[in-house]
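# Notes for the structure review
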Amino acid sequence: MTRFLQKYRLYGTVFTFILSLTMVWNCFSLAHIHFGGNALGIQQVQAEEEKIIAAFIWRFLEFIEFPVPQESCVVGFVGTSRVENFFSDIVKQKRVSNSQVIEVRRITSLDDIARCQVVFVAQSENSRLTQILAKAKGKGILTIGIDSDFLLRGGMMNFYIDNAKVRFEYNIEEISAGKLRCSSQLLRNGRQYSKAKE
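Heads up: these notes are all about the structure in this document. (Residues numbered from 1 in each chain as written. Predicted model: local features only at pLDDT ≥ 70, side-chain atom pairs only at ≥ 80, totals over all residues. Heavy atoms only, no water.)

## Overview of the packing of aromatic side chains
Using the criterion set out here, one finds seven aromatic pairs in the structure. Arranged with centres 6.1 Å apart and planes meeting at 45°, the rings of Phe-56 and Phe-60 form a pair that is tilted. Of this pair, Phe-56 and Phe-60 both sit in helix α2 (residues 39-60), four residues apart, roughly one helical turn. Overall, Phe-60 belongs to the buried group, its relative accessible area being 0%. (Phe/Tyr/Trp six-rings, centres within 6.5 Å; stacked < 30°, edge-to-face > 60°. Helix = DSSP H or I, 4+ residues; strand = E, 2+ residues; numbered from the N terminus. Buried < 20%, exposed > 50% of the residue type's maximum accessible area, 1.4 Å probe, protein only.)

Take a look at the structure:
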């Protein structure tokens with residue numbers, strides 16, 4: 001426990017700085033592109049959003065402790081999304097602080113979810129989200145999505161757009177049930193989900 005706290009105190013300030021810098025750049029870029037008002041401009045906005053989501057996922061790995069440490073961290077992607085490609089590009093250039101190897105895996109069978117530490121679910125898979133989350137439940141797998149009902153249906157982390165900024169929210173009950181530990185620095189930069197608000 002002491003090692004966990006020391007690690008995240010050290011990186012807490014770094015996370016906050018990078019997150020703030022990303023958000024400023026994010027807001028400027030998306031606002032600038034929106035002035036185009038055409039199909040190409042919309043596609044560019046979506047691509048920028050997905051790049052930032054990929055960067056967030058990589059950063060999450062620095063601030064989440066999994067119940068069973070592994071030599072490598074398998075990040076699985078379910079469905080069609082450019083987030084996977086952008087994340088793969090980041091992983092080629094960077095490593096998390098503990099030098100853990102990051103493996104990117106495309107999930108073609110839901111049974112492969114059990115072999116992952118992190119699973120990102122694309123919006124294209126919303127119709128079978130219940131089955132996907134059921135495969136991850138109780139296995140200490142961080143589930144991440146990008147849908148307004150993702151947390152309501154049992155996901156752990158979800159991305160949303162607010163005032164042209166990419167933000168994230170989290171379901172602390174599901175995270176705790178999965179026996180994952182999140183740095184307070186990480187959670188402080190997100191929005192806590194509550195079923196009472198639904």
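## Remarks on the nonpolar core
Grouped together as the largest cluster of nonpolar side chains are 37 residues, with contacts concentrated most on Phe-60, Leu-61, Phe-87, Leu-142, Ile-144, Met-157 and Phe-159. The set of elements that each furnish at least two residues to this core consists of α2, β2 (72-78), α3 (82-93), β4 (118-121), β5 (142-145), β6 (157-162), β7 (165-170) and α6 (184-188). Take this core: its biggest share by element is seven residues, from α2. Setting aside residues up to four positions removed in sequence, Phe-60 forms contacts with Ile-144, Met-157, Phe-159, Phe-168 and Leu-186. One finds Val-78, Val-121, Leu-129 and Phe-150 within the second-largest nonpolar core, a separate group that totals 16 residues. (Core = buried A, V, L, I, M, F, W, Y, C linked by side-chain atoms within 4.5 Å. Contact = heavy atoms within 4.5 Å.)

## As for the environment of Phe-150
In this fold, Phe-150 is placed in the loop between β5 and β6. Distance in space between the C-alpha atoms of Phe-150 and Val-121 is 9.3 Å, their sequence separation being 29 residues. In contact with Phe-150, not counting residues within four places along its chain, are Val-121, Leu-129, Leu-133, Thr-143, Ile-144, Gly-145, Gly-155, Met-156, Met-157 and Asn-158.

## As for the environment of Arg-95
Along the polypeptide, Arg-95 turns up in the loop between α3 and β3 (101-107). Measuring from C-alpha to C-alpha, the distance between Arg-95 and Leu-61 comes to 9.7 Å, with 34 residues separating the pair along the chain. Ignoring sequence-local partners within four residues, the contact set of Arg-95 consists of Trp-58, Glu-62, Gln-100 and Val-101.

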